[in-house]
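# Descriptive analysis of the structure
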Amino acid sequence: QVQLVESGGGLVQAGGSLRLSCVFSGRTFSNYAMAWFRQAPGKEREFVALITRSGGSTYYADFVKGRFTISRDNAKNTVYLQMNSLKPEDTAIYYCAASPIVPYTIRGRDYDYWGQGTQVTVSS
């Protein structure tokens, strides 16, 4: 069974940086496309970034382009989200997700496995 465990969230001032990590276990990591989503209080879950199985392609939501970078290390079974120039509106619970079938999708329903989430809070 696939398990995803996120870490790296916390409280940071606006303009600061955080690096989220998500450790994958239970199957062959390189067979899964990975993504980050987030959900703010009172709002629906939204797509943040994705990375293909090999790491050769990435895609970002417009609101994080130029600020966030997704990467993966298939030798460490880990996907990362480097978040720079954080804004108060980035405050949310961040979730990593894994898709074994659809290689490039921003739809949450295409991801079969989800982590428990890590809280990111950006103060103004």
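Figured I'd write up the structure that's included with this text.

What counts as what
- Residues numbered from 1 in each chain as written.
- Predicted model: local features only at pLDDT ≥ 70, side-chain atom pairs only at ≥ 80, totals over all residues.
- Heavy atoms only, no water.
- Helix = DSSP H or I, 4+ residues; strand = E, 2+ residues; numbered from the N terminus.
- Rg over C-alpha atoms; globule rule 2.2 N^0.38 Å.
- Contact = heavy atoms within 4.5 Å.
- Areas by Shrake-Rupley, 256 points an atom, 1.4 Å probe, with all protein chains shown as cover.
- Lys, Arg positive; Asp, Glu negative; His and termini not counted.
- Charge placed at Lys NZ, Arg CZ, Asp CG, Glu CD.
- Buried < 20%, exposed > 50% of the residue type's maximum accessible area, 1.4 Å probe, protein only.
- Pairing = 2+ DSSP bridges.
- Polar contact = N/O pair within 3.5 Å; in protein donor to acceptor, adjacent residues only side chain to side chain.

The helix and strand inventory of the protein chain stands at zero helices and 11 strands. Counting helices and strands in the order they occur from the N terminus, the protein chain gives β-β-β-β-β-β-β-β-β-β-β. Its C-alpha radius of gyration of 13 Å places the protein chain within 12% of the 14 Å reference for a compact globule of 124 residues. Overall, the protein chain is about 40 × 25 × 25 Å in size when its C-alpha atoms are taken along their principal axes. A separation of at least 24 residues holds for 59% of the contacts in the protein chain among residues at least 6 apart in sequence. Here the protein chain displays about 6200 Å² of accessible surface, and carbon together with sulfur accounts for 46% of that area. Measuring between centres, the 13 positive side-chain charges of the protein chain sit 4 Å from its 9 negative side-chain charges.

In strand S1 (residues 3–7), alternate side chains face the same way, and those of Leu4 and Glu6 are buried while those of Gln3, Val5 and Ser7 on the opposite face are not. For S1 and strand S3 (residues 18–25), the ladder comprises five bridges, and the chain directions are antiparallel. Paired with Glu6 across the two strands is Cys22, which belongs to S3.

Attention now moves to the side chain of Thr105. Inspection of the secondary structure assignment puts Thr105 in the loop between strand S9 (92–99) and strand S10 (113–114). Polar contacts involving the side chain of Thr105 include one to the side chain of Asp110, which spans 2.6 Å. Residue contacts for Thr105: discarding those within four places in its chain leaves Phe47, Leu50, Asp110 and Tyr111.

Any functional reading would require information that these geometric values do not contain.
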